[in-house]
Amino acid sequence: MKIGTPKEVFEGEARVAMTPDSALQLQKLGHECLIESGAGTRAGFLDAAYEEAGVTVVADAGALYAQADVVAKVRQPSEEEVKLLREGQTLISFLNPGGNAELLEDIKAQGTTAIAMEMVPRISRAQKMDALSSMANIAGYRAVIEAGNNFGRFFTGQITAAGKVPPAKVLVIGAGVAGLAAIGTSTSLGAITYAFDVRPEVAEQVESMGAEFVYLDFEEEQQDGAATGGYASVSSPEFREAQLAKFREIAPDIDIVITTALIPNREAPKLWLEDMIKSMKPGSVIVDLAAEKGGNAEGTVADEKVVTDNGVTIIGYTDFPSRMATQSSSLYATNIRHLMTDLTPEKDGVINHDMEDDVIRSATVTHDHEITFPPPPLKVQ
Ligand code: NAD
């Protein structure tokens, strides 16, 4: 089969879904690889590197969509791109199927099978294809780097001839994939790092990374929120009050807050409120990774950096992975390559779209002229 990757058309998107390395691996599965000219340039992968890896460089998107049996990309297709999709073709991309009923209808109408990368289930077997996690890992790292870039002091404490420098105090809210990456980055830069999560089972992981887990003065266990598929559920009002009280208590002492709290298919919970922001020192920084879903902090504006009257910077960028396009593209292309491995069990360049396979079934959102989203519950958790 021919696997083709077009240039991303979403404004500002610098990632690319195929790299020269991933193309080499895809060819080992018996596939041919195509790339639209210039698709990898913003991520640091030039046409010549693809050619060297045996990839055919095609002039434009029209030619790419016309030739490819499988189109692998990062962002959901634009209206123009949907028109280029064909009967019998497979599209692999982020598609936000829960919020994109019309797009799914349009893809179905084209007779195209669509695989939504965000629907890869969070189970051990599928980790290597879990693009939400690989991108969240990058976002967590980059959130700390961005915070440092906007913070007027060192992370680590120092004793110098010119004076004693206290270490920065960083609070990470939500210790999932992005949060753990942020914690690791923050501790490695030498900050005193605190972390909070509704799932008590992450405390050990947080502590093993050199951060301090924030416990609540709450009678029940930290939360019943283990929920399904590695995601949290909604907190009870009492628990939320205890959580906010704790945050209120520590806010004046915290220099940097990284918020990553997510509950699937919901608006982001508001956890860092205006009064907490007002009590922070001037020069403090909040990086709100949940900006796209409304933000965990009050005052976050998606895709912007705002400075409050009391001098606190709130960063709501939603494109952290694209800001590290080389790394993100490498990991995303590897996720796609692993998915293609599962779709090509005989390594003979022939795709077997096995709807009995839990991972493939979950991620497939249109198939055989049907919308196949939402998927049935997983057979194996
Ligand atoms: P995840 O599900 O792995 O982690 C979220 C964590 O938040 C979980 O551990 C959960 O228990 C915790 N949580 C839920 N409710 C909470 C609450 N009330 N208080 C404290 N913790 C709570 O998710 P992830 O993959 O790490 O993604 C985190 C966020 O980062 C998401 O909102 C995602 O959309 C976002 N993200 C942003 C960018 C960007 O560029 N801005 C990029 C990638 C991901």
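In this text, all values refer to a predicted model and were calculated from it rather than measured experimentally.

Chemist: Please give an account of the overall build of the protein chain that cites residues and values.
Modeler: When you go through the protein chain residue by residue, the secondary structure sums to 13 helices and 17 strands. Counting only C-alpha atoms and orienting by the principal axes, one finds that the protein chain spans roughly 60 × 50 × 35 Å. Intrachain contacts of the protein chain at a sequence separation of at least 6 include 63% that bridge at least 24 residues. Carbon together with sulfur atoms contributes 50% to the accessible area of the protein chain, which is approximately 16900 Å² in total.

Chemist: Mind laying out the packing of aromatic side chains, listing which residues take part and the relevant values?
Modeler: Summed over the entire model, instances satisfying the criterion amount to 7 aromatic pairs. Note on Phe213 and Tyr215: the rings are 5.0 Å apart at their centroids and 70° apart in plane angle, and the pair reads as edge-to-face. Summarising the aromatic geometry, the rings of Phe247 and Trp272 are spaced 5.6 Å apart at their centres and angled 50° between planes, so their arrangement reads as tilted. Of the two residues, Phe247 is situated in helix H9 (residues 237-250) and Trp272 in the loop between strand S12 (256-259) and helix H10 (274-279); the sequence distance between them amounts to 25 residues. For Phe247, a relative accessible area of 0% corresponds to the buried category. Classification of Trp272 as buried rests on a relative accessible area of 0%. Every member of this aromatic cluster is reached through a ring pair, and the members are Phe196, Phe239, Phe247 and Trp272. The ring of Phe10 has Arg75 lying over it, and the distance from NZ or CZ to the ring centre is 3.9 Å. A cation over a ring is seen here: Arg323 above Tyr317, with NZ or CZ 3.8 Å from the ring centre.

Chemist: Summarise the side chain of Thr19; cite the residues concerned and give the values.
Modeler: Its place among the elements puts Thr19 in the loop between strand S1 (2-5) and helix H1 (20-28). For Thr19, a relative accessible area of 4% corresponds to the buried category. Beyond its immediate sequence surroundings of up to four residues, Thr19 is in contact with Phe45, Tyr50, Ser329, Ser330 and Ala333.

Chemist: Lay out the site of the ligand in plain terms, naming residues and giving numbers.
Modeler: Surrounding the ligand, one finds 30 residues, the nearest of these being Arg122, Ala178, Asp197, Arg199 and Phe320. Within the backbone of Gly176, a nitrogen or oxygen atom sits 3.3 Å from an oxygen atom of the ligand. In the complex, the protein chains occlude 93% of the 860 Å² of accessible area that the ligand would expose alone. Only helix H6 (131-149), helix H7 (177-188) and helix H11 (320-323) provide two or more residues apiece to the shell around the ligand.

Chemist: Requested: an account of the pairing of S12, with residues and values cited.
Modeler: Burial of the side chains of S12 extends over both faces: Ile256 and Ile258 are buried on one face and Val257 and Thr259 on the other. By the bridge criterion, 4 bridges tie strand S9 (residues 169-173) to S12 in an arrangement that is parallel. Paired with Val172 across the strands is Ile258, a residue of S12. The pairing of S12 with strand S13 (residues 285-288) spans 4 bridges and is classified as parallel.

Chemist: An account of the nonpolar core is requested, with residue identities and associated values reported.
Modeler: Ranked by size, the top nonpolar core spans 57 residues in total, and within it Met18, Val55, Ile92, Leu95, Met117, Tyr332 and Met340 carry the most contacts. For this core, the leading source of residues is helix H12 (residues 325-343), giving 6 residues.

Chemist: Run through the sheet that holds S9, naming residues and quoting values.
Modeler: Read across the sheet, 7 strands follow the order S11-S10-S9-S12-S13-S15-S14 without closing on themselves; strand pairing throughout is mixed. On the outer flanks of this sheet lie strand S11 (212-213) and strand S14 (305-307), each paired with one strand and no other. Bridging between S9 and strand S10 (residues 192-196) involves 5 bridges; their strand directions are parallel. Residue Lys169 lies in a different strand from S10, and its bridge partner there is Ile192.

Chemist: Help me get a handle on the sheet that holds strand S16 (residues 364-367), residues and values and all.
Modeler: Taken in spatial order, the 8 strands line up as S3-S2-S1-S4-S5-S6-S16-S17 in an open sheet, and their pairing is mixed. The sheet is open, and its two edges are formed by strand S3 (56-58) and strand S17 (370-371), each paired on a single side. Sheet analysis places S1 next to strand S4 (residues 70-72), joined by 2 bridges and oriented parallel. In the strand pairing of S4, Gly4 is matched with Val71. On top of the sheet, H12 reaches S1, S4, strand S5 (90-93) and strand S6 (113-116); it is set at about 145° to S5, its chief contact.

Chemist: Summarise the pairing of S10; cite the residues concerned and give the values.
Modeler: Most of S10 sits out of view: 4 of its 5 residues are buried. The parallel pair S9 and S10, bridged by H7, forms a crossover whose chirality is right-handed. Sheet analysis places S10 next to S11, joined by 2 bridges and oriented parallel. Among the inter-strand pairings, Ala195 is bridged to a residue of S11, identified as Phe213. As a crossover connection, the stretch from S10 through helix H8 (residues 203-208) into S11 is right-handed.

Here is what the cut-offs are and how they apply
- Residues numbered from 1 in each chain as written.
- Predicted model: local features only at pLDDT ≥ 70, side-chain atom pairs only at ≥ 80, totals over all residues.
- Heavy atoms only, no water.
- Helix = DSSP H or I, 4+ residues; strand = E, 2+ residues; numbered from the N terminus.
- Contact = heavy atoms within 4.5 Å.
- Areas by Shrake-Rupley, 256 points an atom, 1.4 Å probe, with all protein chains shown as cover.
- Phe/Tyr/Trp six-rings, centres within 6.5 Å; stacked < 30°, edge-to-face > 60°.
- Buried < 20%, exposed > 50% of the residue type's maximum accessible area, 1.4 Å probe, protein only.
- Lys NZ or Arg CZ within 6 Å of the ring centre and 35° of its normal.
- Near = heavy atom within 4 Å.
- Polar contact = N/O pair within 3.5 Å; in protein donor to acceptor, adjacent residues only side chain to side chain.
- Pairing = 2+ DSSP bridges.
- Core = buried A, V, L, I, M, F, W, Y, C linked by side-chain atoms within 4.5 Å.
- Axes fitted to C-alpha atoms, helices over the stretch in contact; angles between N-to-C directions.
- Right-handed = clockwise from strand over helix to strand, strands pointing away.

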